[in-house]
Amino acid sequence: MGTMGNCQECRGEVGHLPTVVEFEGQEIFLFNPVVCEPCLLDLCGKYATVCENCGGVIPPYTQVGVLKADDGKKQFVHMNTTCSTVGSAFHGYWGKGELHHFVEIEAC
Ligand SMILES: [Zn+2]
Ligand SMILES: [Zn+2]
């Protein structure tokens, strides 16, 4: 089927999606954007953050729950049933070291 596209970081060809890498003992799958394995590992090393709930790695290009810490700083949790139940009132998309599409969830 040819290539799936070109890596948005290095412009190299990416033959299959999702790109899968293992980072900090966690398997990371990335469909979008198209990034090759070496670049994804590099991005994880630079931009991964830590889940406040489980202490696990949150790689770039994933949905995150967002908590407001007492000092006004933002803390992140995984958007899964285990970690996002800790009262996160916001969620967003964790990109390259910054939050995108930051939206407030209706409080119930
Ligand atoms: Zn690349
Ligand atoms: Zn977590």
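Throughout, residues of each chain are indexed from 1 in the direction in which the sequence is written. Working convention: letters from A go to chains and numbers from 1 go to ligands, in the order in which they are written. This being a predicted model, a pLDDT of at least 70 is required before a residue's local features are given, and a value of 80 or more before pairs of side-chain atoms are given or counted; all residues contribute to the totals for chains, interfaces and linings.

### Some points on unusual backbone geometry
Spelled out, the test is: Helix and strand assignments follow DSSP, with helices taken as H or I runs no shorter than four residues and strands as E runs no shorter than two, numbered in order from the N terminus. Whether a residue is buried, exposed or partly exposed is read from the other C-beta atoms within 10 Å of its own C-beta, which are placed from the backbone; 20 or more gives buried, 12 or fewer gives exposed, and intermediate counts give partly exposed.
A cis amide bond, omega 0°, links Leu-17 with the succeeding residue Pro-18. Inspection of the secondary structure assignment puts Pro-18 in the loop between strand S2 (13-14) and strand S3 (19-23). With an omega of 0°, the peptide bond between Asn-32 and Pro-33 qualifies as cis. If you check the backbone angles, Arg-11 has positive phi at about 70° while not being a glycine. Residue classification places Arg-11 among the exposed residues on the basis of 9 C-beta atoms within 10 Å. With phi around 55°, Glu-24 is a residue other than glycine that occupies positive phi space.

### Quick look at the environment of Val-14
Within the element layout of this structure, Val-14 appears in strand S2. Judged by the 20 C-beta atoms lying within 10 Å of it, Val-14 falls in the buried class. A sequence separation of 22 residues divides Val-14 from Cys-36, and the C-alpha atoms of the two residues are 5.7 Å apart.

### Overview of the nonpolar core
One broad trend across soluble globular proteins is that nonpolar side chains are buried collectively. Here is the rule we go by: Residues enter a nonpolar core if they are buried, belong to Ala, Val, Leu, Ile, Met, Phe, Trp, Tyr or Cys, and are joined to the set through C-beta atoms within 7 Å.
By size, the foremost hydrophobic cluster in this structure holds 11 residues: Val-14, Val-21, Ile-28, Leu-30, Val-34, Val-35, Cys-36, Leu-40, Leu-43, Cys-44 and Tyr-61. In terms of residue count, the dominant contributor to this core is helix H1 (residues 37-47) (3 residues).

### Here we look at the pairing of strand S4 (residues 26-30)
For clarity, the cut-off: Each pair of strands is called paired provided DSSP finds at least two bridges between the two strands.
Strand direction decides the pairing type here: S3 and S4, joined by 5 bridges, are antiparallel. Considered in S4, the bridge of Phe-23 is made with Gln-26. A loop of 2 residues connects S3 with S4, the two strands running antiparallel in sequence, and Glu-24 in this loop sits at a positive phi of about 55°.

### Re H1
Stated precisely, the cut-off is as follows: The directions considered for the arc run from the helix axis to the C-beta atoms. Once C-beta atoms are placed from the backbone, any two residues with those atoms within 7 Å are in contact.
Taken together, the buried positions of H1 are occupied by Leu-40, Leu-43 and Cys-44. Buried positions in H1, seen along its axis, are confined to an arc of 100° and lie on one side of it. Turned more than 90 degrees away from the buried face of H1, the exposed residues are Gly-45 and Lys-46. Here the buried face of H1 lies against S3 and S4.

### Details of the confidence of the model for the protein
The test is simple: The quantity called pLDDT is the predictor's confidence in a given residue, expressed from 0 to 100.
Averaged over every residue, the pLDDT of the protein is 87; the share at 70 or more is 90%. Per-residue pLDDT, averaged within each element of the protein, yields its smallest value for strand S10 (residues 99-104) (75) and its largest for H1 (97).

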